[in-house]
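Listed below are the residues making up each chain.
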Amino acid sequence: MMALPLGFVYMPTVSLQKLRSSQGKVAELRLELNSGGKKDKNYATKKIALKRIVANMTMSNNDMVALFPDIIQCMHISSLEIKKMCFLYLVNYARVRPEIAVNAIPILEHDMEDSNPLVRALALRTMSYIHVREFVAATVPLVKHMLRDSDPYVRKTAAFCVAKLYDHDRHMVEQSDLIDRLNSLLRDDNPTVVASALAGLMDIWERSDAIKLTIDYTNASKMVAILADCSEWGQTYILEALMSYVPQESGEASLLAERIAPRLSHSNSSVVLTCIRVILYLMNYIADQKQISALCKKLSPPLVTLLAKGPEVQYLALRNALLILQRRPEVLRNDIRVFFCKYNDPIYVKVTKLELIFMLANEKNIDEVLTELREYATEIDVHFVRKAVRAIGKLAIKIEPAARRCIDLLLELVATKVTYIVQEATVVIRNIFRKYPNQYESIIGTLCEHLDSLDEPEAKAAMVWVIGQYADRIENSDALLEDFLYSFQEEPVEVQLALLTATVKLFIQRPTKGQELVPKVLKWATEETDNPDLRDRAYMYWRLLSTDMNSAKSIVMGEKPPITAESERLESSTLEEMCLNVGTLATVYLKPVQSVFRSARPRKLIASPALQKQYLANDIETQKSISMFGNGSQPTNIDLRTRNAVPSPASPAANGGGNLAQAVNDADAYFSSIGTQQMAAMRIDGGDDGFGGGGLNGTGYVVNALAPQAVLQPAHGEGSNGDLLVL
Amino acid sequence: MASAIFFLDLKGKTLLARNYRGDIPMSAVEKFPVLLSEAEEESSAVPPCFSHEGINYLYIRHNNLYLLALTKRNTNAAGILLFLHKVVEVFTEYFKALEEESIRDNFVVIYELLDEMMDFGYPQTTESKILQEYITQESHKLEIQARPPIAVTNAVSWRSEGIRYRKNEVFLDVVESLNLLVSANGNVLRSEILGAIKMKCYLSGMPELRLGLNDKVMFETTGRSTRGKAIEMEDVKFHQCVRLSRFENDRTISFIPPDGEFELMSYRLNTQVKPLIWVECLVESHSGSRIEYMLKARAQFKRRSTANNVEIIVPVPDDADSPRFRTNVGSVHYAPEQSAIVWKIKQFGGNKEFLMRAELGLPSVRGDDEHGGGMTGGFGGSMGGIGGKGAKRPIQVKFEIPYFTTSGIQVRYLKITEPKLQYPSLPWVRYITQSGDIAVRLPDVA
């Protein structure tokens with residue numbers, strides 16, 4: 001064993017000052033790189049120099065670019081370790097100095113003929129990462145070759161390469177036959193290569209309107225047959241590709257769903273969630289309600305298990321549970337306790353759990369739910385506490401028989417005098433009054449005890465509304481209003497509008513008490529404001545009051561349209577789209593895909609003879625919602641129909657069990673026995689877009705897709721514009 | 001599908017980055033710490049994904065690092081977040097611990113790994129055992145030039161051929177943890193058993209394993225009579241080596257294991273279980289200047305089992321002082337740094353019952369205005385009032401019971417066959433139950 005001249009590397013004792021300067025550093029590294037010569041066995045000195053260069057590059061020392069020619073020289077050395085470092089350098093700086101980078105092309109081309117597949121793949125991967133015209137042009141013919149390499153590791157690498165090249169220069173790829181060749185890789189006998197080819201094709205398809213992805217039943221079956229032989233990531237790619245298969249018969253859809261269902265037991269949560277997505281999708285094409293119920297039953301345990309994973313996965317699962325609950329309520333019907341919050345859950349998890357608890361609450365479990373919400377309303381995080389209080393109020397509206405219990409709990413909370421609880425409670429109690437007129441007015445007295453703690457516009461406006469609405473029952477309503485009016489000019493418009501209306505109501509119900517206040521307020525609101533809404537409303541009241549008091553009374557104090565708590569459901573076409581995207585980012589944000597991902601390819605259910613029409617028929621059963629609950633969306637209660645469509649809880653084992661299991665086995669056996677050439681029929685090719693091309697298929701989005709996106713969209717945001725959930 | 005992956009320190013400074021798609025300017029990462037702190041102002045925990053100006057940020061935190069992925073597309077979020085966790089797993093195997101220092105010390109290997117683990121933003125091989133076969137920190141030690149292991153593209157992507165052991169052994173650990181949420185009046189609100197079967201596998205060649213459990217569904221599907229207790233698992237998850245279709249068909253757990261340590265399966269049971277260590281607590285406040293806790297703990301399992309290292313952690317007000325304790329077993333100490341008293345019992349025999357009484361002084365008499373009044377008395381549980389660290393924390397219970405599983409799961413057999421080598425082998429099984437997240441909510445102060 002020979003001692004390496006290591007001391008040599010750290011020789012810069014000459015002049016530290018000079019070496020510290022950047023030029024010095026480059027010169028020093030260059031010297032090191034070229035030192036050693038023939039004595040440097042195993043290139044130890046060079047390796048150390050390269051490592052230092054990589055370190056400098058990582059720390060954004062851009063002077064390193066000056067070493068480009070020296071690095072190119074090193075590439076000739078046939079040491080994998082050195083090559084890897086040089087290629088890393090190349091990928092990093094090629095776009096800065098393309099004229100030098102091109103000198104690496106012949107070396108890379110040479111390496112692609114190396115006998116070691118690791119070197120061939122490395123050279124190809126490196127070359128295809130470089131977005132420089134000469135590199136792209138040189139890679140295209142090489143990839144063709146590599147797609148047929150004898151080693152599956154190289155073929156897998158080549159498959160992703162095609163997608164990369166398409167990203168760099170789609171015309172060049174479209175003019176070549178690369179996509180066809182990638183397509184024929186689906187016939188490969190190595191499952192990993194097939195999964196990689198699918199991933200590559202899907203990547204291209206996602207970005208191109210000119211490409212159509214057609215997967216028929218035979219292809220889909222073949223894909224499912226190789227699932228078990230793929231790595232966990234390969235399984236995800238195959239499952240995602242299955243979303244492009246459109247079942248033509250109900251039987252096909254259910255058979256396929258049965259065959260992928262074992263993936264629900266995979267330990268990789270991404271495989272599980274993607275599998276849930278595909279099964280939910282296939283259900284749209286299954287006619288037999290018993291099979292639907294059986295599948296729903298299968299989805300429930302895996303979804304609940306995801307809640308025991310780390311907070312990130314848990315959060316994803318919960319956001320998707322919100323969707324699944326609306327689309328297929330059967331899946332989570334009996335599981336409210338699994339959503340009870342743990343003390344240490346992160347707030348974003350707690351808030352989503354709270355929404356689920358609200359959605360699952362019913363007359364049977366309301367006592368349990370209220371005990372739980374009482375606990376949450378005393379937690380530390382203000383944001384969460386507010387949502388808990390709001391949920392209690394909304395439950396009073398949602399579950400009529402429990403209204404009294406909800407209100408009692410709210411009053412108990414108000415008694416704590418914690419200001420944000422009082423304000424939140426005031427807002428929800430206003431809505432309770434609207435829902436149940438003349439029933440709970442006895443609590444007004446309690447509310448009035450806390451007037452001083454109201455400093456948020458929404459809470460103030462709510463309180464003012466209550467005072468105005470019940471001016472005849474609140475003994476000192478005029479005095480209370482006068483207190484509020486004291487700061488009229490400084491109030492936000494929301495409160496000003498409420499004050500204006502409340503004063504008019506007071507005057508109508510108790511003319512003597514209100515006669516002094518009304519002209520004052522009308523004058524402010526017409527003469528001393530810049531706000532057109534406020535002015536218009538004031539003029540309207542003015543005319544009304546001066547024309548006919550009786551009509552004024554019937555208009556101002558007239559019966560109000562009822563409110564419901566159901567309006568946080570997603571609009572049905574949005575829900576449909578979201579369910580096709582289970583596990584993706586859009587389901588975390590719970591926003592229509594196009595509003596966040598403008599260039600995303602729209603997805604919707606493709607019509608086929610098997611598509612179950614009742615889910616599509618968009619006959620609208622809308623309910624009016626009040627501003628607090630909705631954002632003006634038109635809620636559709638698709639959920640009811642789904643329930644009607646299910647005859648009665650079926651016993652899945654009876655029908656779905658025996659026969660189907662046999663069929664699944666047969667199908668698996670069949671597709672693993674038939675030749676791989678079946679896959680050839682699966683094609684991706686240019687032509688008409690099956691997905692409605694221009695993206696203008698009018699899904700009625702809640703959010704204006706053109707509106708500038710909010711600065712930050714933490715997915716738990718409260719009813720801010722664009723949020724689909726409103727708790 | 002990720003466009004780029006970043007390793008950042010806690011201040012948000014990039015330590016190392018890898019750009020996979022080039023469709024997002026790498027400077028977008030500079031926004032990350034800003035967005036994070038903006039969101040933190042709104043809530044105490046920022047969700048793991050958010051979007052800003054068309055760029056989506058997905059991140060996890062590990063030790064003193066953030067691992068961040070950026071993407072523009074509506075991508076599979078589960079896939080990316082799990083990939084980041086896999087990176088942590090693999091890097092930890094490589095560098096013993098993954099933290100700022102280990103990034104700085106290993107730039108080259110990290111680039112190599114990132115190049116191998118992800119291509120064009122798509123996760124590839126993430127099995128650390130397999131990666132270690134061709135990416136090493138001291139490559140000059142490899143006598144021949146590295147080649148891609150067959151496992152990388154093989155159906156068995158987790159095990160390489162040619163493994164040899166002189167003594168062939170398998171160790172099975174059945175570990176169950178119990179999660180419980182108990183209300184202040186003693187109702188069990190939620191109970192769940194999370195079990196895992198962990199393996200240490202030292203077997204030669206390509207062994208074929210079959211594991212038999214007392215699985216109720218399996219007994220039913222095979223029509224076998226049940227000897228003893230069978231358990232009903234609500235959900236099961238398997239390591240990728242297990243043949244899932246076979247399990248779906250006849251509940252057989254068959255697999256070719258990876259080499260060394262791994263988690264073969266995990267399962268979940270929703271059966272209502274009674275708390276193994278039952279804790280009752282009474283809190284009494286004496287004119288706001290003293291607070292007294294009376295605890296009763298009872299072991300609700302058979303006499304022949306013993307719970308070890310039992311810890312009962314009772315939250316107390318932040319500013320409590322001069323603690324006094326009385327108990328007939330174990331030791332109690334006051335842990336002001338976590339505002340709690342900790343009652344430790346080394347060994348807690350089955351069916352036994354112990355008592356503890358604690359009294360703490362409170363420095364000042366609190367008025368209604370100061371601490372939210374009714375909240376303190378009516379809800380708080382602790383006197384800390386709302387907003388304080390002491391508000392609403394539950395009692396935690398920790399323990400370990402060896403040779404015992406709550407569910408009653410049993411390994412009936414583990415069959416090992418290696419057709420070519422045909423060696424004798426020894427499987428070993430251990431059982432243990434641990435406390436998971438056990439929370440008993442504190443009652444109102446009397």
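Per an unreviewed UniProt entry, chain B carries the name MHD domain-containing protein and comes from Trichoderma semiorbis. Check the Sequence similarities (unreviewed entry) section of the UniProt entry for chain B; it says "Belongs to the adaptor complexes medium subunit family." In its Subcellular location (unreviewed entry) section, the UniProt entry covering chain B states "Cytoplasmic vesicle, Clathrin-coated vesicle membrane".

You'll find chain A entered in an unreviewed UniProt entry as AP complex subunit beta, with Trichoderma harzianum CBS 226.95 given as the organism. Looking at chain A in UniProt, the text filed under Subcellular location (unreviewed entry) is "Endomembrane system". In the Function (unreviewed entry) part of its UniProt record, chain A is described as follows: "Adaptins are components of the adaptor complexes which link clathrin to receptors in coated vesicles. Clathrin-associated protein complexes are believed to interact with the cytoplasmic tails of membrane proteins, leading to their selection and concentration."

(A) Here's a closer look at the overall build of chain B. When you go through chain B residue by residue, the secondary structure sums to nine helices and 23 strands. With respect to the three principal axes, the spread of C-alpha positions in chain B is 80 × 65 × 40 Å. The buried share of chain B, reckoned over its 446 residues, is 42%. Considering only residue pairs separated by 6 or more positions, chain B has 68% of its internal contacts joining residues 24 or more positions apart.

(B) Summary view of helix α28 (residues 493-509) of chain A. Here α28(A) contains 17 residues, and its C-alpha end-to-end distance of 24 Å stays within 8% of the 24 Å for a straight helix at 1.5 Å per residue. Taken across its 17 residues, α28(A) has 14 buried, putting it largely inside the fold.

(C) Representation of helix α18 (residues 289-306) of chain A in the model. Along its 18 residues, α18(A) runs 26 Å from first to last C-alpha, staying within 8% of the 26 Å computed at 1.5 Å per residue. Among the 18 residues of α18(A), 14 are classified as buried, and the element is accordingly described as predominantly covered.

(D) How the structure looks around the packing of α28(A) against helix α32 (residues 549-556) of chain A. Residues and elements named next belong to chain A. It is the contact of α28 with α32, at a shortest axis distance of 10 Å, that shows an interaxial angle of 125 degrees. The angle between α28 and α32 falls in the class oblique. Read as a crossing pair, α28 and α32 show a hand that is left-handed. In contact with Val504, Lys505 and Ile508 of α28, α32 contributes Ala552, Lys553 and Val556.

(E) Main features of the domain arrangement of chain B. Assigned domains within chain B: domain 1 (2-137), domain 2 (167-271 + 414-426) and domain 3 (275-363 + 392-399). One C-alpha centre belongs to domain 2 of chain B, the other to domain 3 of chain B; they are set 36 Å apart.

(F) How the structure looks around the pairing of strand β21 (residues 395-402) of chain B. All names here are of chain B. Across four bridges, the pairing between strand β16 (residues 306-315) and β21 is antiparallel. If you follow Asn308 over to β21, its bridge partner there is Glu400. Pairing geometry for β21 and strand β23 (residues 426-440), over five bridges, is antiparallel. Across the sheet, Ile395 pairs through a bridge with Val440, a residue of β23.

(G) Representation of unusual backbone geometry within the structure. Residues and elements named next belong to chain B. With a phi close to 70 degrees, Asn351 is a non-glycine residue in the positive phi region. Tracing the chain through its elements places Asn351 in the loop between β19 (340-349) and β20 (353-361). By the C-beta count within 10 Å, which is 12 here, Asn351 ends up exposed. Located in the positive-phi region is Tyr403, a residue other than glycine, with phi close to 55 degrees. By secondary structure assignment, the location of Tyr403 is in the loop between β21 and β22 (411-417).

(H) Focus on the nonpolar core. Formed by 265 residues in total, the largest nonpolar core has its most connected members in Leu198(A), Ile279(A) and Leu68(B). Per-element tally for this core: the top contributor is helix α17 (residues 269-283) of chain A, with 11 residues. Apart from the residues lying within four places of it in its own chain, the contact partners of Leu68(B) are Phe6(B), Leu8(B), Val29(B), Phe32(B), Tyr57(B) and Tyr59(B). Of all hydrophobic cores here, the second largest spans 62 residues; its members include Ile341(B), Ile345(B), Ala358(B) and Ile401(B).

Parameters and conventions
Residues numbered from 1 in each chain as written. Chains lettered and ligands numbered in written order. Predicted model: local features only at pLDDT ≥ 70, side-chain atom pairs only at ≥ 80, totals over all residues. UniProt positions renumbered as here; feature names shortened; annotations may be inferred. Helix = DSSP H or I, 4+ residues; strand = E, 2+ residues; numbered from the N terminus. Buried ≥ 20, exposed ≤ 12 C-beta atoms within 10 Å, placed from the backbone. Contact = placed C-beta atoms within 7 Å. Expected span 1.5 Å × (residues − 1). Axes fitted to C-alpha atoms, helices over the stretch in contact; angles between N-to-C directions. Parallel < 35°, antiparallel > 145°, perpendicular 65-115°, else oblique. Left-handed = near helix turned anticlockwise from the far one by under 90°. Domains from an automatic or database assignment. Pairing = 2+ DSSP bridges. Core = buried A, V, L, I, M, F, W, Y, C linked by C-beta atoms within 7 Å.

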